[in-house]
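Here is what each chain is made of, one letter per residue.
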Amino acid sequence: MNTNINEVSITLEVESEVIDKVRTGEITHICIDINEHNQSLIL
């Protein structure tokens, strides 16, 4: 199965400071680590 990443959306809960930094451009990427403990929350 192939998944086009442009057609996938994930909602993340982040601190308000992170949102502010995204808005100002200080943060441009957010990475998440999918592992056996959190995969059921994502998949």
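Our subject is the structure that appears above.
The structure contained in this document is the topic of the report that follows. (Residues numbered from 1 in each chain as written. Predicted model: local features only at pLDDT ≥ 70, side-chain atom pairs only at ≥ 80, totals over all residues. Heavy atoms only, no water.)

### Here we look at the overall build of the chain
A tally of regular secondary structure across the chain gives two helices and zero strands. Residues counted as buried form 2% of the 43 residues belonging to the chain. Within the structure as shown, the chain displays about 4,500 Å² of accessible surface, and the carbon and sulfur contribution to it stands at 49%. (Helix = DSSP H or I, 4+ residues; strand = E, 2+ residues; numbered from the N terminus. Buried < 20%, exposed > 50% of the residue type's maximum accessible area, 1.4 Å probe, protein only. Areas by Shrake-Rupley, 256 points an atom, 1.4 Å probe, with all protein chains shown as cover.)

### Focus: a negative patch on the surface
A cluster of acidic residues, Glu-13, Glu-15, Glu-17 and Asp-20, forms a negative patch at the surface. Judged by relative accessible area, which is 43%, Asp-20 ranks as partly exposed. (Patch = residues over 30% accessible without salt bridge, like charges linked within 9 Å, V, L, I, M, F, W, Y side chains within 5 Å. Salt bridge = Lys/Arg side-chain N within 4 Å of Asp/Glu carboxyl O. Lys, Arg positive; Asp, Glu negative; His and termini not counted. Charge placed at Lys NZ, Arg CZ, Asp CG, Glu CD.)

### So, a nonpolar patch on the surface
Residues Val-8, Ile-10, Leu-12, Val-14, Ile-19, Val-22, Ile-30, Ile-32 and Ile-34 make up a contiguous nonpolar surface patch of about 700 Å² in total accessible area. Its place among the elements puts Val-8 in the segment before α1 (16-24). Val-8 sits in the partly exposed class, given a relative accessible area of 37%.

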